[in-house]
Structures are given as structure tokens and as C-alpha cells.
Protein chains: 2
Amino acid sequence: MPSVFSQIVEGKLPAYRVAETEEYLAFLDINPLTRGHTLAIPKREVDYIIDLEEETYIGLWLFAREVAKAIHAAIPCERVAFAVVGLEVPHAHIHLVPIRSMADLNFQNPRIPLTPEEFQATAAAIQAKLRELHPQKFGA
Amino acid sequence: MPSVFSQIVEGKLPAYRVAETEEYLAFLDINPLTRGHTLAIPKREVDYIIDLEEETYIGLWLFAREVAKAIHAAIPCERVAFAVVGLEVPHAHIHLVPIRSMADLNFQNPRIPLTPEEFQATAAAIQAKLRELHPQKFGA
């Protein structure tokens, strides 16, 4: 059975998509720690991030950085934190979490409720910054 | 004033070193969340990880992965989590934290007290695995 993330990649499950390339996808975490909390994944399903092929591993971190820069530009925050926990969905993913304090990066915090309109506006704001930062890659 | 991490790089402050290359250093976090909690840093001081030069950024994540694999082999755990928070020491660093549950990756948890002997034994166990996994790079 494909992971929920593979089902998102295939369009069988919905997601607020933020960025996509041939190999990688970024979409908003549906249970966000903060507004702008995004997941970056390789489309090909591999469970443990340290098991990715080197090229895919490097590409994923570069993709995550591009998305992180756009999140930082779009969402008021001190930093965009990176986290890979690996005990949730068995499909490698990097959490990109805009934070104002250390306490914001606590996966046991209550998640913030956002309306569909808020999710859409957040994804659109990050996308706009991505297009600004990388017009050739993420331009319309 | 150089960061505490630059002072560790220069040998002016002590640390339980785990791995070192020309550009990168890994050492045990002195206030560990779990036994084996390690920090991987670029030797050259840059505050925000997304501002590293691309080559250094890629090299840091590859170095962190080599260290993470050795931690996983040396320390009983479910996963080695990766985290970059960026609000503590203003010198980019990746936390590599062996975890058994999501709750272990909470930077507000009380830190575990280890004796100098326990720190030394932990560093030695990770080093031994690194030498095993990468004899040419980290061999004696």
C-alpha cells in the first residue's frame, strides 16, 4: 500500500501544494505546528532518509532549502527550522517549520487549526516567493 | 568574538569529538536530549544554515548522514532524528539525536546528565562505527 505521501504525489489524496519538481514535492502539513509548516519529500517512496541514494538525498536538501527560503520570505518568523523525525509516515520527509522560539519546534504542541482559505492563502504566499526567488524553476 | 563552536574547532574549548574532516566537525552535545546526541557543524562560522554556500551546505548534510549512520549503529534507537533550529548558538549546526519516540525530540525536555566517562565512551562507540563504515575517511 503506497504511503499517504505517495498518494498525495499521485493526486489520489488532496494537499495544499507549495512546490514541485520532477523528483520532489512540498506541501503544507495538514496539522501544522505554525502557519507555513511545510513538508518536503522525494516523490519516490523511501522510508528512512539516510537510506536515500546520495543524489536524491542531496537533491532533497537543496529543494528543502529553496522552499525554506521562500517560507522565510513569506511568513513572519525568526527562522525556518528543519526537522526529520522519521517515526510518523514511513516516507522520508523534512519538516520546514517557521519558528519564533525554540518552543515552536515541539511536535507535542497542540496543532494550530487553519481554515481551507488560510491554508490556500499560506500556500499561495510561499509559492509567490518561490516564483520570485527562482523564476525559471518555479515560474508559472 | 568567535562562536563557542569556532572555539571548539580551534581547540580553545573542549568537546567530545566524534568525527572531523577538513571542513566539518561533529562532537557530542554537552546537554544531550539522549545519549549519543551529536552536533555536526561546518568549521567556517556562518549563522543561518540556509546562507551556507551550496557546496558547504551539501557537504554538511553528507557529513551529517555519515555521522548519523554511525550513531544509529552505535546507540540503541529507533531513528536518528535531524534537527536544525537556529536560535541557540549563531553558528549553523545540525542536531543528530538518537530517538525511540517523537517525544525524545523535544528541546524543552530535561537534558540527561552524563559523566565524563559516559561521554567518552559514547564518542568512542560512534567513532568506532564511523571507522568501520568509512575506513578510508575516518580510519585511525
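The shown structure was predicted, so the numbers you read here are calculated from the model rather than taken from an experiment. (Residues numbered from 1 in each chain as written. Chains lettered and ligands numbered in written order. Predicted model: local features only at pLDDT ≥ 70, side-chain atom pairs only at ≥ 80, totals over all residues. Heavy atoms only, no water.)

Draft legend 1. Region of the structure containing the relation of the copies chain B and chain A. By a simple turn and slide, chain B fits onto chain A: the slide is 0.0 Å along the axis, the RMSD is 0.0 Å, and the turn is 180°. Here the two chains are linked by the operation of a two-fold rotation axis. Among all residues of chain B, the one whose C-alpha sits closest to the rotation axis is B:Ala83, at a distance of 2.1 Å. (Least-squares fit on C-alpha atoms with pLDDT ≥ 70 in both.)

Draft legend 2. Summary view of the side chain of A:Arg65. Mapped onto the elements, A:Arg65 comes out in helix 2 (residues 54-74). Beyond its immediate chain neighbours, meaning those up to four positions away, A:Arg65 contacts A:Phe82, B:Ile49, B:Ile50, B:Asp51, B:Leu52, B:Glu53, B:Glu54 and B:Tyr57. (Helix = DSSP H or I, 4+ residues; strand = E, 2+ residues; numbered from the N terminus. Contact = heavy atoms within 4.5 Å.)

Draft legend 3. Here's a closer look at the packing of helix 2 of chain A against helix 3 (residues 116-133) of chain A. Residue and element names in this part refer to chain A. Direction vectors running N to C along helix 2 and helix 3 enclose 115°, while the axes themselves pass 8 Å from each other. Here helix 2 runs over helix 3; the crossing is right-handed. For the pair formed by helix 2 and helix 3, the contact residues are Glu-66, Val-67, Lys-69, Ala-70, Ile-71, Ala-73 and Ala-74 on the first element and Ala-125, Ile-126, Lys-129, Leu-130 and Leu-133 on the second. Taken together, the residues that form the contact of helix 2 with helix 3 break down as nine nonpolar, no polar and three charged. (Axes fitted to C-alpha atoms, helices over the stretch in contact; angles between N-to-C directions. Left-handed = near helix turned anticlockwise from the far one by under 90°. Nonpolar A, V, L, I, M, F, W, Y, C, P; charged D, E, K, R; others polar.)

Draft legend 4. Looking closely at a negative patch on the surface. Negative charge collects at one region of the surface, where A:Glu22, A:Glu23, A:Glu54 and A:Glu55 lie side by side. Tracing the chain through its elements places A:Glu54 in helix 2. (Patch = residues over 30% accessible without salt bridge, like charges linked within 9 Å, V, L, I, M, F, W, Y side chains within 5 Å. Areas by Shrake-Rupley, 256 points an atom, 1.4 Å probe, with all protein chains shown as cover. Salt bridge = Lys/Arg side-chain N within 4 Å of Asp/Glu carboxyl O. Lys, Arg positive; Asp, Glu negative; His and termini not counted. Charge placed at Lys NZ, Arg CZ, Asp CG, Glu CD.)

Honestly, it's all geometry; don't read function into it.
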